[in-house]
Amino acid sequence: METSLLICDYSYHSRPFTQNSRSGLTNYLFRLQTEGSCRVICRGQEYHVQAGDLILLKPGDEYDLEVKESGADGRVSSGDYYVFCEGDWIDSWWGRKERPVVSAVGVDEKLLRLWQNLIIEKRRGPLEENVEIMDYLLRGLCLYFDRAIAENTHSSRTVFAALRLKRFIEEHATVTFKLEEAARYAGLSLSRSVRLFKDYYGMTMIGYATQIRLNAAAERMKYSDMTLEHIAETCGFSSYSYFHRVFRAHLGISPKEYRLKERGF
């Protein structure tokens, strides 16, 4: 089973804009609102779409989109990623479950990167584009839709905030970040974030980040020739001496001994 990527891009509207397919779409349309708002009518229902809302439409769905002035200042602002596609795999994926027309999934960085990579690949043109790469990227995008919907749509606000904290740490563990940044990303105070994360995951945010950093370091020691100092730096540790101390405390041996052991020396 394969997919066919027809159109994939990003659009931004600073002036009123309308688009419709009242006779029914001929392909699947997936659209993520990333900025501003718009109005969508589909299947006889009107939706006021905000940043972080994902629209999933199938062939045959009517589609009426309107971007207009919003707020007291009469400003027009609407940004979105969109993709038109078709194919046997998309048909199969779509048939696995019922999905809402509009789902609040948030402006997820990993989802945006998938979309951006797909756009870049499509823009290479017919002489350079790799159909197999686009096929896998599009499948990954669809599967990530389901994860995002499952994590966000049916979660309480508290669970959603805890997931936001966890995702932020997973995204930034191998670089230096402040807990205040994670709290801001989740829309919480620092003290609330610290308590919430510990309650839901049984460890501190720093403890979870350290776990991710150690796992990344262990992988690089096993499968790369990077120096231990470079591994410490690229895995988010402030210094090699700190990395050495933390690694030994968690694994019982030094980084050098671990590397030698894993390589059979």
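Scroll up to find the structure this text is about.
A brief structural summary. This one's a predicted model, so the numbers in the text were calculated from it and none came from an experiment.

### Some thoughts on unusual backbone geometry
Comment: phi is negative for the bulk of residues other than glycine, and the bulk of peptide bonds are trans. Although it is not a glycine, arginine 43 sits at a positive phi angle of roughly 55 degrees. By the secondary structure assignment, arginine 43 is in the loop between strand 3 (28–42) and strand 4 (45–50).

### As for the environment of glutamate 151
The residue glutamate 151 is located in helix 3 (residues 131–152) in this model. Judged by relative accessible area, glutamate 151 falls into the buried class, the value being 18%. Remark: the alpha-carbon pair of glutamate 151 and arginine 164, spanning 13 residues in sequence, is separated by 9.9 Å. Apart from the residues within four sequence positions on either side, glutamate 151 is in contact with Leu163 and Arg167.

### A look at the packing of aromatic side chains
One pass over the structure, following the stated rule, counts 20 aromatic pairs. Their ring planes at 75 degrees and their centres at 6.3 Å tell us that tyrosine 82 and phenylalanine 84 sit as a pair that is edge-to-face. Residue classification places phenylalanine 84 among the buried positions, given a relative accessible area of 15%. An aromatic cluster of three or more residues is present, and its members are Tyr10, Tyr28, Phe30, Tyr81, Trp93, Trp94, Trp115 and Phe145. Just above the ring of tryptophan 93 sits the side chain of arginine 99; from NZ or CZ to the centre is 3.9 Å. If you follow arginine 164 out to its NZ or CZ, it ends over the ring of tyrosine 185, 3.8 Å from the centre.

### With respect to helix 2 (residues 109–123)
Here helix 2 contains 15 residues, and its C-alpha end-to-end distance of 21 Å stays within 8% of the 21 Å for a straight helix at 1.5 Å per residue. Residues of helix 2 that are buried: Leu111, Leu112, Leu114, Trp115, Leu118, Ile119 and Glu121. Of the surrounding secondary structure, the elements contacted by the buried residues of helix 2 are strand 1 (4–13), strand 3, strand 5 (53–57), strand 7 (78–86) and helix 3. At the N-terminal end of helix 2, a side-chain oxygen is found 2.8 Å from the backbone nitrogen of lysine 110, two or three residues along, and the residue is aspartate 108. In the segment just after helix 2, glycine 125 is the residue with positive phi, at about 90 degrees.

### Examining the packing of helix 7 (residues 205–223) against helix 10 (residues 255–262)
The contact between helix 7 and helix 10 brings their axes to 9 Å, and the two run at 50 degrees. Taken together, the axis directions place helix 7 and helix 10 in an arrangement best described as oblique. Here helix 7 and helix 10 pass one another in a crossing that is right-handed. Between helix 7 and helix 10, the residues in contact are Ala218, Arg220, Met221 and Lys222 and Pro255, Tyr258, Arg259 and Glu262, respectively.

### Here's the deal with the nonpolar core
The biggest cluster of nonpolar side chains holds 30 residues, and the ones touching the most others in it are Phe30, Val83, Trp115, Leu138, Leu141 and Phe145. With 9 residues, the top contributor of residues to this core is helix 3. In contact with leucine 141, other than residues within four places in its own chain, are Val83, Leu111, Leu114, Trp115 and Leu118.

### Things to note about the pairing of strand 7
Most of strand 7 is tucked away, with 7 of its 9 residues classed as buried. Bridge analysis of strand 1 against strand 7 gives 9 bridges, and the strand direction is antiparallel. The partner of leucine 5 across the bridge, within strand 7, is cysteine 85. Looking at chain direction, strand 3 and strand 7 are connected through 8 bridges and run antiparallel.

### Examining a negative patch on the surface
There is a patch of like negative charges on the surface, built from Glu2, Glu86, Asp88 and Asp91. Counting through the fold element by element, glutamate 2 comes out in the segment before strand 1. A relative accessible area of 59% means that glutamate 2 is categorised as exposed.

### Topic: helix 6 (residues 190–201)
The end-to-end C-alpha distance of helix 6, which contains 12 residues, comes to 16 Å, matching closely the 16 Å that a straight helix rising 1.5 Å per residue would cover. For helix 6, the complete set of buried residues consists of Ser193, Leu196 and Phe197. With its buried residues spanning 100 degrees around the axis, helix 6 presents them on a single face. On the buried face of helix 6, the contacting elements are helix 4 (157–172), helix 5 (179–186) and helix 7. One or two steps after helix 6, the chain reaches glycine 202, where phi turns positive at roughly 70 degrees.

Conventions used here
- Residues numbered from 1 in each chain as written.
- Predicted model: local features only at pLDDT ≥ 70, side-chain atom pairs only at ≥ 80, totals over all residues.
- Heavy atoms only, no water.
- Helix = DSSP H or I, 4+ residues; strand = E, 2+ residues; numbered from the N terminus.
- Buried < 20%, exposed > 50% of the residue type's maximum accessible area, 1.4 Å probe, protein only.
- Contact = heavy atoms within 4.5 Å.
- Phe/Tyr/Trp six-rings, centres within 6.5 Å; stacked < 30°, edge-to-face > 60°.
- Lys NZ or Arg CZ within 6 Å of the ring centre and 35° of its normal.
- Expected span 1.5 Å × (residues − 1).
- Polar contact = N/O pair within 3.5 Å; in protein donor to acceptor, adjacent residues only side chain to side chain.
- Axes fitted to C-alpha atoms, helices over the stretch in contact; angles between N-to-C directions.
- Parallel < 35°, antiparallel > 145°, perpendicular 65-115°, else oblique.
- Left-handed = near helix turned anticlockwise from the far one by under 90°.
- Core = buried A, V, L, I, M, F, W, Y, C linked by side-chain atoms within 4.5 Å.
- Pairing = 2+ DSSP bridges.
- Patch = residues over 30% accessible without salt bridge, like charges linked within 9 Å, V, L, I, M, F, W, Y side chains within 5 Å.
- Areas by Shrake-Rupley, 256 points an atom, 1.4 Å probe, with all protein chains shown as cover.
- Salt bridge = Lys/Arg side-chain N within 4 Å of Asp/Glu carboxyl O.
- Lys, Arg positive; Asp, Glu negative; His and termini not counted.
- Charge placed at Lys NZ, Arg CZ, Asp CG, Glu CD.
- Arc of directions from axis to C-beta.

That's the geometry; what it means functionally is another story.
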